[in-house]
Amino acid sequence: MLQFYDTMMRKKRLFRPIEEGKVRLYSCGLTVNDYAHIGNLRAYVFVDLLRRWLEYRGFDVEHVMNITDVDDKTIQGKQKEGVSLDEYTEKYIDAFAEDLKLLNIKKAKITPKATEHIEEMVRLVKILMKKGYSYRSKDGSIYFDISRFKNYGKLSKMKIGKLKAGARVKVDEYGKEQAADFALWKAWDLDDGDVFWETKLGKGRPGWHIECSAMSMKYLGKTLDIHTGGVDNIFPHHENEIAQSEAITGKKFVNYWLHNEHLLIKGERMGKSLRNFYTLRDIIDMGYNPVSVRFLLMSTHYRKQFSFTFESLEAAENALHRLRDFMGRLDECKNNECTEGVEGLIKEASQDFEDALDDDLDISRALATVFNLVREVNKLIDMKKLCQAGARQVRDLIRDFDRVLCVFSDSWQPKERKLSNEVERLIRKREAARKARDWKTADAIRDKLQKSDIILEDTPNGVKWRKRRVKKR
RNA sequence: GCCGGGGUGGCCGAACGGCUCAGGCGGCAGCCUGCAGAGCUGCUUUAUAUGGGUUCAACUCCCAUCCCCGGCUCCA
């Protein structure tokens, strides 16, 4: 019984797509005025889990994620650097794509850019004007008149009257008639420089909210199955999307609204303005594996705030290490006869895992299932009660889970995989000493290398080395 | 001010009326190892912010209090 928590209804609801077997999924993507930080990335890890789970359940997922490549901040940034808007946003778009790849996040089928859909937006604004949902201000900008939209505020449960009481709403500045009215089209002004489009609406650029209405409608139709975004988007962005879209089509815009909570750092929301963020690059540079970041961001339920700490990242990395070692143990399992069946364990784990994720992506329960399976099977291996065939079955099950989790296989390698000649020489010297059972020399070399952050581990397959992580900041 | 979400063991995090209060990390012990590390297993359980109430039974529901976070402004 697949169900999701719908922000509109404020409760879990059984999931039923519009069209049997197909899901129209729209996600609010990034505004590309800077590198994404891991708080931003949490939203996309969440969407990825959602998408992969839907696919696991046999749905064909039509996933669209927009890129906001024109807004106040991108224009400001571009002016500051003295480059074209495209040039400015391109590097952040590329970096974002790379981040997603490093986190094993599946690409959306379509990632439309706002600047490439001006025409569609203009068309929608014209419809709104025609239907009388908008007005033009003195400077030529066009605003959506929320008093004309009956259920404005239904998603965020906000009353428009109350909104005005909120301290920092600038009413007069742009000639809006009401504080909560929002821009559909912004008339060009000096600060915009060369960023403008000459359209039937005049010279200017689109408001922020209209792009999602235009692009979701174009690629997915009038009604979406699922729309995702961070909780900060509930108001005003998604509220406004609903108003625009439903005013235009007269149809329900979205059937299920799914919102992820924020990532905190030191008890506060991670955000660009607070300068308390880490990018994925920062974390990789400290020597962590990006897949550990995926695991960490994924392992707390998406509707719950959680705090990022290096301790928890470390814990995530260790947990993954344990899982991968487990897979290694399975591969090495060569017994001919299973003295105890694993079918029961597999069946139970499989059922529990699926039940958990069906229940609004209850990842904690799902991961608990995985770890329980690991422990039980490890016991069998220790007692030599697991055979090769049984091991294969377990491995197949985990691989199956990993279609959703995507944390087991790990192709990522830290950049510096080379040792200096001096260090290599020492390692060879130590190997010779060990062979001669000269433990004193061997241990001295190991200690010495450890001081320069190279950790040696003797394994049945020879000596292995790794770098000790260097923590910055 | 208005509207949400929370406060669980050394730390992170589940459960949300009763069936042993998941799981991870860390710590400790055993196995393994020349030693160390890694790995595996076991232990780490009189843990549910505080004070009342409802109930045969509350972490779970109700009331009050304290504290934390978020939204009300561009923001994942």
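Parameters at a glance
- Residues numbered from 1 in each chain as written.
- Chains lettered and ligands numbered in written order.
- Predicted model: local features only at pLDDT ≥ 70, side-chain atom pairs only at ≥ 80, totals over all residues.
- Heavy atoms only, no water.
- Pairing = 2+ DSSP bridges.
- Helix = DSSP H or I, 4+ residues; strand = E, 2+ residues; numbered from the N terminus.
- Axes fitted to C-alpha atoms, helices over the stretch in contact; angles between N-to-C directions.
- pLDDT = per-residue confidence, 0-100.
- Contact = heavy atoms within 4.5 Å.
- Phe/Tyr/Trp six-rings, centres within 6.5 Å; stacked < 30°, edge-to-face > 60°.
- Buried < 20%, exposed > 50% of the residue type's maximum accessible area, 1.4 Å probe, protein only.
- Lys NZ or Arg CZ within 6 Å of the ring centre and 35° of its normal.
- Domains from an automatic or database assignment.
- Salt bridge = Lys/Arg side-chain N within 4 Å of Asp/Glu carboxyl O.

To continue, consider the sheet that holds strand 11 (residues 254-260). Here we have 4 strands laid out as an open sheet, ordered 4-3-10-11, and parallel in their pairing. Either end of the sheet is taken by a strand with one partner, and the two such strands are strand 4 (60-65) and strand 11. Averaged over all pairs of adjacent strands, the angle between strand axes in this sheet comes to 20 degrees, irrespective of strand direction. Sheet topology places strand 10 (residues 224-230) next to strand 11; 6 bridges connect them, and they run parallel. Among the inter-strand pairings, Thr228 is bridged to a residue of strand 11, identified as Leu258.

For the rest of this paragraph, the subject is the pairing of strand 2 (residues 11-14). Here 4 bridges tie strand 1 (residues 3-6) to strand 2, and the two strands are oriented antiparallel to one another. The residue of strand 2 that forms the bridge with Phe4 is Arg13. Taking the residues that link successive antiparallel strands as the turn, the strand 1-strand 2 hairpin has 4 residues, and the phi of Arg10 there is positive, at about 55 degrees.

Next up on the list: the confidence of the model for chain A. Low-pLDDT stretches of the model should not have their predicted coordinates read in fine detail. Within chain A, residue pLDDT values average 88, and 93% of them lie at 70 or more. Across chain A, the element-wise mean pLDDT spans from 50 in helix 5 (residues 160-165) up to 97 in strand 4. Every residue in residues 162-174 is under pLDDT 50, and counting partners more than four places away or in other chains gives 12 contacts.

A word on the packing of aromatic side chains. For the structure shown, the criterion picks out 19 aromatic pairs. Relative to Tyr302, the ring of Phe46 has its centre 4.3 Å away and its plane inclined at 15 degrees; by these criteria the two rings are stacked. Here Phe46, found in helix 1 (residues 38-56), pairs with Tyr302, found in the loop between helix 9 (290-299) and strand 14 (306-308); they are 256 residues apart in sequence, far enough to count as distant. Overall, the relative accessible area of 5% leaves Phe46 in the buried class. Relative to Phe401, the ring of Phe353 has its centre 3.8 Å away and its plane inclined at 20 degrees; by these criteria the two rings are stacked. Linking Phe353 in helix 11 (residues 343-358) with Phe401 in helix 13 (residues 388-405), this pair joins segments that are 48 residues apart in sequence. On the accessibility criterion, Phe353 (0% relative accessible area) is buried. Three or more aromatic residues joined by ring pairs form one cluster here, namely Phe4, Phe15, Phe59 and Tyr256. The ring of Tyr133 carries the charged tip of Arg148 above its face, separated from the ring centre by 5.1 Å.

Once that is clear, we can look at the domain arrangement of chain A. When its domains are assigned, chain A resolves into domain 1 (17-260), domain 2 (302-405) and domain 3 (421-467). Relative placement of domain 1 and domain 3: their C-alpha centres are 57 Å apart.

This brings us to the sheet that holds strand 8 (residues 197-199). The strands making up a sheet associate through hydrogen bonds between their backbones, and the pairing can be parallel or antiparallel. If you walk across this open sheet you meet the 5 strands as 5-6-7-9-8, and the pairing is antiparallel. The open sheet is flanked by strand 5 (134-136) and strand 8, the only strands paired with a single partner. Neighbour to neighbour, the strand axes of the sheet diverge by 35 degrees on average, direction disregarded. This element, helix 4 (residues 118-130), spans strand 5, strand 6 (142-144), strand 7 (182-187), strand 8 and strand 9 (202-206) of the sheet and lies at about 120 degrees to strand 7.

Quick look at the pattern of salt bridges now. Overall, the coordinates contain 36 salt bridges when judged by the stated rule. Between Lys12 and Asp359 there is a salt bridge, and its shortest N-O distance comes to 3.0 Å. In this pair, Lys12 is assigned in strand 2 and Asp359 in the loop between helix 11 and helix 12 (363-382), connecting sequence segments 347 residues apart. Using a relative accessible area of 38% as the deciding quantity, one classes Lys12 as partly exposed. Put simply, Asp359 and Arg365 hold a salt bridge, and the shortest N to O gap is 3.3 Å. Its relative accessible area of 17% is what places Asp359 among the buried residues. Through salt bridges with shared partners, one network takes in Arg430, Glu431, Arg434, Asp443, Arg446 and Asp458.

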